[in-house]
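Analysis of the macromolecular model
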Amino acid sequence: MKHTIRSALALFIIAGAVMAALGVTHALTREAAAGQEAKQRAKVMGQVLPSASEFAAVEADNFPDFVVAAHEGFAGGVSVGFVVEVLPHGYGGPIDMMVGISSGEPGFITGVRILRHSETPGLGALAVKERFRSQFAGKELIELTVVKGSPREDEIDAIAGSTITSKAVTNGVNIAVRWYSENSERIGG
Amino acid sequence: MKKYALLIKRGLLDENPVFVQLIALCPLLAVTTSAVNAVMMGLSTAAVMLCACVAISLLRRLIPADVRIAAYVIIVSGFVTVLQLLLQAYAPPELFEALGIYIPLIVVNCILFARIESFASKNDAVASFFDALGMGLGFTLGLVVIGVIREFFGSGSVFGVEIIKDTSSHLLIMVMAPGAFFTLGVIIMLRKYFMLRKGVPHR
Amino acid sequence: MNIILMFVSAALINNYVLTQFLGMCPFFGVTKKVDAAAGMGISVLFVTTLSSVLTLVFYVYVLRPLGLEYLQTPAFILIIASIVQFVELYMKKSLGSLYSTLGIYLPMITVNCVILGVALINTRYVSDEHPFLEALANSVGAGAGFLLALVLLAAIREKYENHPDVPWIFQGFPLALFSAGLMSIAFMGFQGLI
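**Some thoughts on the overall build of chain C**
A count of helices and strands for chain C gives nine helices and zero strands. Listing every helix and strand of chain C by position from the N terminus yields α-α-α-α-α-α-α-α-α. Relative to a compact globule of 194 residues, whose C-alpha radius of gyration would be 16 Å, chain C shows 18 Å and is just as compact. Looking at chain C residue by residue over its 194 residues, the buried ones come to 49%.

**Description of the overall build of chain A**
Scanning chain A for helices and strands turns up three helices and nine strands. Looking at chain A as a whole, 40% of its 189 residues qualify as buried.

**Brief notes about the sheet that holds strand β1 (residues 54-57) of chain A**
All names here are of chain A. Strand order across the open sheet formed by five strands is β1-β2-β3-β6-β7, with antiparallel pairing between neighbours. Of all strands in the sheet, those bounded by a partner on one side alone are β1 and β7 (108-116). On average, each strand axis in the sheet is inclined to that of its neighbour by 25°, with strand direction left out of account. Pairing of strand β3 (residues 78-86) with strand β6 (residues 96-102) involves six bridges; the strand directions are antiparallel. Opposite E85, over in β6, you have M98 as the bridge partner. Docked against the sheet, helix α1 (residues 2-48) engages β1, β2 (67-75), β3, β6 and β7, running at close to 155° with respect to β7.

**Quick look at the confidence of the model for chain A**
Any segment with low pLDDT has predicted coordinates that should not be analysed in fine detail. When pLDDT is averaged along chain A, the result is 81, and 87% of the positions lie at 70 or above. Mean pLDDT across the elements of chain A ranges from a minimum in strand β5 (residues 93-94) of chain A, with 71, to a maximum in β6(A), with 89.

**Details of the interface of chain B and chain C**
Facing the 32 residues of chain B at the interface are 30 residues of chain C. Elements that contribute at least two residues to the side of chain B that touches chain C include exactly α2 (25-30), α4 (68-90), α6 (110-120) and α8 (177-197) of chain B. In terms of residues, the side of chain B that touches chain C owes the most to one element, α8(B), which gives eleven residues. Residues belonging to the side of chain B that touches chain C are distributed by class as follows: 27 nonpolar, four polar and one charged.

**Some thoughts on the pairing of β6(A)**
Residues and elements named next belong to chain A. For β6, a buried count of six out of seven residues is recorded, marking the element as mostly surrounded by other parts of the structure. As paired strands, β6 and β7 are joined by seven bridges and run antiparallel to one another. If you follow I101 over to β7, its bridge partner there is I109. Two successive antiparallel strands, β6 and β7, enclose a turn made up of five residues.

**So, helix α7 (residues 113-122) of chain C**
Of all ten residues in α7(C), ten are buried; the element is thus mostly enclosed. Among the residues making up α7(C), those that are buried are C:C113, C:V114, C:I115, C:L116, C:G117, C:V118, C:A119, C:L120, C:I121 and C:N122. Turning to α7(C), the residues buried within the fold contact α2 of chain B together with α3 (34-63), α4 (72-94), α6 (106-109) and α8 (131-160) of chain C.

**Comments concerning the packing of α4(C) against α7(C)**
Helix packing for two helices is described by the angle between their axes and how far apart those axes are. Residues and elements named next belong to chain C. Closest axis-to-axis distance for the α4/α7 pair is 10 Å, and the angle between their directions is 130°. The pairing of α4 with α7 is recorded here as oblique in orientation. Remark: the crossing between α4 and α7 carries right-handed chirality. In contact with Q72, F76, I77 and I80 of α4, α7 contributes I115, L116, A119 and L120. Split into classes, the residues belonging to the contact of α4 with α7 amount to seven nonpolar, one polar and no charged.

**Some words on unusual backbone geometry**
Its identity is not glycine, yet B:A24 carries a phi of approximately 60°, on the positive side. Checked against the element boundaries, B:A24 lands in the loop between α1 (2-14) and α2. The backbone of C:F21 shows a phi angle near 60°, a positive value even though the residue is not glycine. By secondary structure assignment, the location of C:F21 is in the loop between α1 (2-13) and α2 (24-29). Residue C:F21 is classed as buried on the basis of its 28 C-beta neighbours within 10 Å.

**Examining the packing of helix α3 (residues 35-59) of chain B against α4(B)**
Residues and elements named next belong to chain B. Orientation of α3 relative to α4, taken along the N-to-C sense of each, is 140°, at an axis distance of 9 Å. Relative to α4, α3 is oriented oblique. Classified by chirality, the crossing of α4 by α3 is right-handed. In contact with S44, A47, V48, C51, A52, A55 and I56 of α3, α4 contributes Y72, I75, V76, F79, V80 and L83.

**Considering α8(C)**
Between its first and last C-alpha atoms α8(C) spans 44 Å; for 30 residues at 1.5 Å apiece the expected length is 44 Å, and the two agree. The positive-phi residue at the C-terminal boundary of α8(C) is C:N162, with phi of around 60°.

**As for the confidence of the model for chain C**
For chain C, the average pLDDT comes to 85, and 96% of its residues sit at 70 or higher. Here the prediction assigns the complex a pTM of 0.82, and the interface score ipTM is 0.86.

**Regarding the environment of B:I74**
Within the secondary structure, B:I74 is located in helix α4. Each C-alpha atom, one on B:I74 and one on B:V107, is 9.2 Å from the other, the two residues being 33 residues apart in sequence. Those residues in contact with B:I74 that sit more than four places away from it in its chain are A:I14, A:A15, A:V18 and C:P74.

**Some remarks on the environment of A:Y180**
All names here are of chain A. For Y180, the location among the structural elements is in helix α3 (residues 163-183). What makes Y180 buried here is the crowd of 22 C-beta atoms within 10 Å. Taking the C-alpha atoms as reference points, Y180 and S103, 77 residues apart in sequence, are found 9.1 Å from one another. Those residues within four positions of Y180 in sequence are excluded, and the remaining contacts are F82, V84, I101 and L141.

The rules behind each value
Each chain carries its own residue numbering, running from 1 in the direction its sequence is written. A letter from A marks each chain and a number from 1 marks each ligand, given out in the order of writing. pLDDT decides what is reported in this predicted model: residues at 70 or higher carry local features, side-chain atom pairs at 80 or more are listed and counted, and totals for whole chains, interfaces and linings draw on all residues regardless. A run of DSSP states H or I qualifies as a helix once it reaches four residues; a run of E qualifies as a strand once it reaches two. Both are numbered from the N-terminal end. The reference for a compact globule is 2.2 Å times residues^0.38; the radius of gyration itself is calculated from the C-alpha atoms. Each residue is classed by its C-beta neighbour count within 10 Å, where at least 20 other C-beta atoms makes it buried, 12 or fewer makes it exposed, and intermediate counts make it partly exposed; the C-beta atoms are placed from backbone geometry. Think of it this way: DSSP has to see at least two bridges between two strands before they count as a pair. Every axis corresponds to a line fitted to the C-alpha atoms, with the helix fit spanning only the stretch in contact, and the corresponding angles, defined between N-to-C directions, vary from 0 to 180 degrees. Two residues form a contact once the distance between their C-beta atoms, set from the backbone, is within 7 Å. The pLDDT value expresses, per residue, how confident the predictor is, ranging between 0 and 100. Throughout, the ten residues Ala, Val, Leu, Ile, Met, Phe, Trp, Tyr, Cys and Pro are labelled nonpolar, Asp, Glu, Lys and Arg are labelled charged, and all others, Gly among them, are labelled polar. Our angle categories are set so that under 35 degrees counts as roughly parallel, over 145 as roughly antiparallel, 65 to 115 as roughly perpendicular, and the remainder as oblique. Take the far helix as the reference: if the near one is turned anticlockwise from it by less than a right angle, the crossing is left-handed, and if turned clockwise, right-handed. An expected span of 1.5 Å times one less than the residue number is assigned to each helix.

Structure (structure tokens):
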């Protein structure tokens, strides 16, 4: 009995010490982690809308489902387009992505980037790679659909083995385009 | 001092965890699609191993034998979580994403438990430090060798520096899952061959 | 529908062993005989199913409400270790015949990456509508895929292990690795399923 208590006590002390150490580390690194995240977001915003040099968040009371935020991009004080942050559902949970839209006449998609996803490494994750993403750049602002092989103008070629992820990313782009079409007039873009 | 140099040499060469002991294959095969990932994963594992082995070696008289595995698991997972928090805060985000789930999975890395059970729990902290250093560097070496081979043949680059620009000559299979198995298979065959030439009996 | 898709995906298309390299140690360690491979596979399937549900419950109802998500790795590994301990005790007492076949694999399971890996991946489902059902589909799929990969490799290795026609340089580990690579290529064919 005495032996068991001693063992349990030792485990308890070790577990307590580890928990305390983790709590301290978490508190110390929280700010740096948040800063890292903000820096990454700013960098990606510049990548999806390369023509803009400054961004300002769009003020809105509420965004539709799956739209998280939007930023208006400016080049030399002139509005050139928007970056829309969307969160469509993928195979393994939400996909955190940004869509850049140029507000020229006619408007077109300037770029798509995925910041965070929980798709399966190897396959689903292939759909977030350059080869798939680059299909979106330059597309007009129309509803896009996913097909397998030889896509037309309004279609996107799915990545073999990750059709669900391909569809989810395309869906995210459609959501962003829809938001832009409905709101661009109002916010003056 | 010579004793410690021998410990490092043992981990790096004589008992290299990758090429000789053939353990801890999960991260070895999974994250070696590029040399940079391989270095990062190797150093992460080595860092956890150093901390955990020294800590356990210092505590070895206080940990009761019957609950020692549970105690080791708690200590190792603590260090792994600290590492994960640090990487999240200070490492480049792309790299953190690329290593993904394999960082928390260091907890169940076989080399770690092998070193703790067979060395750190029986030796003093300084010796455990050098043992963990040797094994950690040996593991990193293994990862980097495989990472460089796979990246070179699969993406035509080494450490991100492009060497073969013509994408049609890239062997995509090398950066996919089967390439990992083939690369390690060929390396082990070469090792067997050279050991035979040197007259060392193979295992 | 989605649930079935998830099961198929975890078991075949994104097989945890052949495409994600989880559970490599038993994959090469206990595949010299089909019996041993099946025993190990069934034990993992059983423990993964049990532990994935319990870890997710703990995550959703304890860690997340308290904002302690960063403690998931230590918490999960302790839950898995206790489950393995209890399963072993229970089997020893009530299921003697099963214990005599699976008993030796159970202690090895605590440090099996498939089980911890599935538990960690499952936490990413919790924002969905049916987190537990989907987690269950994913973990049963992962366990079944693990069992399948182990039995297949063991069956292949049994055929050629110590066969006189195999050159010595291929024997043992290299040939096992090449077989695994070819299996991995074959499993890539399942990508066309979805």
